[in-house]
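# Remarks on the overall topology
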Amino acid sequence: MTEIKVPMAKPVFEDEEINGIMEVVKSGWLGQGKVTEKFESALSEYLGTNVVAVNNGSSATMCALLAHDIKPGDNIVVPDFTFISTSSVPKILGANIIPVDIDPETLNIDLNSLEKIVSKNDVKMTIFVDIAGLPNEINSLIDLSKKFDFLLLEDAAEGLGSEYKNKKLGSFDHTSFFSFHIAKLITTVEGGCITTQDSELTKKLKAIRDLGRYQPGYKHDIIGSNFRITDFQSVIGLNQLKKVERFISRRIEVAKIFKNEIKNLTFQSIPDYVTRHSYMLFFAKTKNEKMRDLYVKKLRENGIDARLSFFPLHLQPCNPELLQYDCPNSKKVYDTIFTLPMYNSLTDDDVNLIIKTCNEIDP
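One structure accompanies this document, and this report is about it. Because the structure is predicted, anything quoted here is derived from the model rather than measured. (Residues numbered from 1 in each chain as written. Predicted model: local features only at pLDDT ≥ 70, side-chain atom pairs only at ≥ 80, totals over all residues. Heavy atoms only, no water.)

## Let's talk about the packing of aromatic side chains
Formally: Pairs were defined over the aromatic rings of Phe, Tyr and Trp, the Trp ring being its six-membered one, requiring ring centres within 6.5 Å. Orientation was assigned from the angle between planes: stacked under 30 degrees, edge-to-face over 60, tilted for the rest. Put simply, DSSP H or I for four residues or longer makes a helix, DSSP E for two residues or longer makes a strand, and each gets a number counted from the N terminus. Only protein chains enter the calculation, and the probe is 1.4 Å; a residue is then buried if its accessible area is under 20% of its type maximum, exposed if over 50%, and partly exposed in between.
This structure, assessed with the given rule, holds eleven aromatic pairs. Seen in terms of ring centroids, F267 and F282 are 5.3 Å apart; in terms of plane orientation they differ by 45 degrees. Their pairing is tilted. Remark: F282 occurs in strand 12 (residues 282–285) and F267 occurs in strand 10 (residues 266–267); sequence separation between them is 15 residues. A residue is classified by how much of its surface remains accessible, and F267, at 13% relative accessible area, is buried. Exposure remark for F282: the relative accessible area of 2% places this residue in the buried category. Ring centres of F311 and Y334 lie 5.0 Å apart, and the angle between their planes is 80 degrees; on these two criteria the pair is classed as edge-to-face. Of this pair, F311 sits in the loop between strand 13 (307–308) and helix 11 (328–336) while Y334 sits in helix 11, and the two are 23 residues apart along the sequence.

Here you go:
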């Protein structure tokens, strides 16, 4: 097995994170506490909204759905091309999933396909996903939600720092959530958060996070669970957030170099309404499945952790009920794209190795 020299993702832990961890350990309080409050405050200031931190991205999804009273039998539309938790969490709550096809250029929800679904079905909510960190056409989604009377929930797990028309994802009126998994732009190892402009919803989210309690004690006002993050995690995130602009700048720089210097591949399209793409992931497109597999094989043989993309939801073994749906763009995208490594500390040598290996492949 070839040794991986350039991993898919790699966190940046510097003195600030290490010293912060030691300070939390010495404080004697490792659970959710004052450091988490500081982390939430810093995130709120960065995003311009209210923030509730939780223990991982899937928990953020769950808390957001519970806060919006998703019930068994509710119809929820999700993009067919996304990480599995976008569909699995609402399914756990008993919701009916309706997958919607994607735009093959942006990899985000195809608005025409979405309109066809919401015009023919009683849809409670649409969860839209900012794939790789690329913002969706939010104004159009808002217009559709008003026209057909459904809730919007934004899965911005990959989109921290990205901007739609000069406004950060997570700062809009609808509820959004982020992930701080080890592979994300900033990390708390595991972790996530929910954002909302609604102060009452913020209180509800905090209660859901803490077993349904609005006040400490053994009185539980609503149904919740233990979705609490720890100060141990939050101190890492607090120090990571101070470096977020540096991290994003490097990713944008690397993405530009890849696009300019890699031959025979195409890349995720960036619409004009996207004023910043933070590139949590970097997708490369090939002509067909055979070429996709060749690129992944050759890159991995050279120690570069190229990977296949998200398997379409309607074809997932855990979703047999979704086989009835047809999402041809999602399937074609899966068959023809893969991810190149993208992380905050990617060196020039790493970048050059990736480019050299890609360009040596005969299409």
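Next comes the rest of the write-up.
## Things to note about the environment of R246
The line we're drawing: Whether two residues are in contact is decided by their heavy atoms, any of which lying within 4.5 Å being enough. In the analysis that follows, any N or O atom pair within 3.5 Å is treated as a polar contact, provided that within protein one partner can donate a hydrogen and the other can accept it, and provided that, for residues neighboring in sequence, both atoms belong to side chains.
Mapped onto the secondary structure, R246 falls in helix 9 (residues 244–261). Take R246: its relative accessible area is 44%, and that puts it in the partly exposed class. Expressed as a C-alpha distance, the spacing of R246 and N55, which sit 191 residues apart in the sequence, is 25 Å. Other than its neighbours up to four places away in sequence, R246 contacts V12 and E14. Here E14 takes part through its side chain, which lies 2.9 Å from a polar atom of the side chain of R246.

## Some details on the sheet that holds strand 6 (residues 163–164)
Hydrogen bonds along the backbone pair up the strands of a sheet, which may run parallel or antiparallel. Selection criterion: Criterion used throughout: strands pair if DSSP finds at least two bridges between them.
Strand order across the open sheet formed by three strands is 7-6-11, with antiparallel pairing between neighbours. Both edges of this open sheet fall to strand 7 (167–168) and strand 11 (274–276), since each of them pairs with a single strand only. Bridge analysis of strand 6 against strand 7 gives two bridges, and the strand direction is antiparallel. Considered in strand 7, the bridge of E163 is made with K168.

## A few points about unusual backbone geometry
Backbone geometry at N166 places phi at a positive 65 degrees, although glycine is not the residue there. Within the secondary structure, N166 is located in the loop between strand 6 and strand 7. In this structure N166 comes out as exposed when scored by relative accessible area, which is 62%. Positive phi outside glycine occurs at N264, with the angle close to 65 degrees. In this fold, N264 is placed in the loop between helix 9 and strand 10. The class of N264 is partly exposed, set by a relative accessible area of 47%.

## Quick word on the side chain of D80
Filter applied, for reference: The convention is simple: Lys and Arg are positive, Asp and Glu are negative, and His and the chain ends are not counted. Definition used for salt bridges: Asp or Glu carboxyl oxygen within 4 Å of a side-chain nitrogen of Lys or Arg.
In this fold, D80 is placed in the loop between strand 2 (75–79) and helix 4 (85–92). The buried charged residue D80 lacks any salt bridge, with K331 as its nearest oppositely charged partner at 9.8 Å. Among the polar contacts made by the side chain of D80, one reaches the side chain of S330 at a distance of 2.8 Å. Here D80 is in contact with P99, V100, F311, P312, L313, H314, C327 and S330, once residues within four sequence places are set aside.

## A word on helix 6 (residues 138–148)
Inclusion rule: Directions are taken from the helix axis to each C-beta atom, and the arc is the one they span.
Taken as a whole, helix 6 has its buried residues at I138, L141, L144 and S145. For helix 6, the angular spread of the buried residues around the axis is 120 degrees, confining them to a single face. Residues of helix 6 that are exposed and angled more than 90 degrees away from the buried face: D143, K146 and K147. Of the surrounding elements, those touching the buried residues of helix 6 are helix 5 (111–120), strand 4 (125–129), strand 5 (151–155) and strand 6. Its side-chain oxygen 3.2 Å from the backbone nitrogen of N139, E137 forms the N-cap of helix 6. In the stretch just after helix 6, D149 is the one whose phi turns positive, near 55 degrees.

Just distances and angles here, no functional claims.
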